[in-house]
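Spelled out from the first residue to the last, the chains are:
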Amino acid sequence: MTQPESAFLSVTYVSTSAEPLTQTALEAILRQSRDNNGRSGLTGMLAVRGDDFFQVIEGPPAVVRHVLQRLHEDTRHSELRVLVEEEIDYRRFPDWTMRCENLDDYPVDSIPGYRASHEDESDARRHRILDLLRWFQHRATRALAERRRSATSPS
């Protein structure tokens, strides 16, 4: 029996770049991720602070698991740790093959759930991570609405 199309797997993980992360390297990662994700039916977001990554990938379970396995083997980053793996009924980032946020642009205290999501192992950690995902989701939705508004406004 095949899985319903509406069932997706979402994986949230953190890792650290093996080399200092430059803007050029980040842009190359994003280009490759967006191309690969577009072909594979994946969506998600990537947040970067310094050399640290916080990423959500979502899509068909078998594809997400395959990508996660490849990420574990990828020597361009280390210390990969899955924070949340869950089945979801809808995509949180349906319009983004890979949205990116540079968290260096924000004071840590202004990002709900960010500080504790990497360090705290308690049950409350999951709720803080979900708060962080909602923050990203809200920003992604707002950015998409602004992009659509710009595309339809007369020049």
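Everything discussed here concerns the structure shown above.
To start, this report covers the structure provided alongside it. If you're wondering where the values come from, they're calculated on a predicted model, not measured in any experiment.

**Describing the side chain of S17**
Then step 1. Relative to the helices and strands, S17 resides in strand 1 (residues 8-17).
Then step 2. By relative accessible area, S17 is classed as buried at 12%.
Then step 3. Here E19 takes part through its backbone oxygen, which lies 2.5 Å from a polar atom of the side chain of S17.
Then step 4. Discounting chain neighbours no more than four positions away, the residues touching S17 are D51, F53, R76 and H77.

**What to know about the sheet that holds strand 1**
Then step 1. Taken in spatial order, the 5 strands line up as 4-1-3-2-5 in an open sheet, and their pairing is mixed. With partners counted over all chains shown, the strands left at the sheet margins are strand 4 (77-88) and strand 5 (99-102), one partner each. Each strand axis lies, on average, 15° off the axis of its neighbour in the sheet, ignoring direction.
Then step 2. Both strand 2 (residues 43-49) and strand 5 contribute to a ladder of 4 bridges, which runs parallel. Residue pairing for strand 5: V48 is matched across the bridge by N102.
Then step 3. Against the sheet, helix 1 (residues 23-40) makes contact with strand 2, strand 3 (52-59) and strand 5, and its axis sits at roughly 160° relative to strand 5, the strand it touches most.
Then step 4. Together, strand 1, strand 3 and strand 4 form the strand contacts of helix 2 (residues 61-73), whose direction differs from that of strand 4 by roughly 165°.

**Considering the pattern of salt bridges**
Then step 1. Within this structure, the stated rule accounts for 4 salt bridges.
Then step 2. The closest approach of N and O atoms between D104 and R49, which form a salt bridge, is 3.9 Å. With D104 in the loop between strand 5 and helix 3 (114-119) and R49 in strand 2, this residue pair connects regions lying 55 residues apart in the sequence.
Then step 3. With relative accessibility at 19%, the residue R49 sits in the buried group.
Then step 4. Between E101 and R99 there is a salt bridge; the shortest N-O distance is 2.8 Å.
Then step 5. Among the residues examined, E101 registers a relative accessible area of 5% and is labelled buried.
Then step 6. For R99, a relative accessible area of 13% translates into the label buried.

Here is what the cut-offs are and how they apply
- Residues numbered from 1 in each chain as written.
- Predicted model: local features only at pLDDT ≥ 70, side-chain atom pairs only at ≥ 80, totals over all residues.
- Heavy atoms only, no water.
- Helix = DSSP H or I, 4+ residues; strand = E, 2+ residues; numbered from the N terminus.
- Buried < 20%, exposed > 50% of the residue type's maximum accessible area, 1.4 Å probe, protein only.
- Polar contact = N/O pair within 3.5 Å; in protein donor to acceptor, adjacent residues only side chain to side chain.
- Contact = heavy atoms within 4.5 Å.
- Pairing = 2+ DSSP bridges.
- Axes fitted to C-alpha atoms, helices over the stretch in contact; angles between N-to-C directions.
- Salt bridge = Lys/Arg side-chain N within 4 Å of Asp/Glu carboxyl O.

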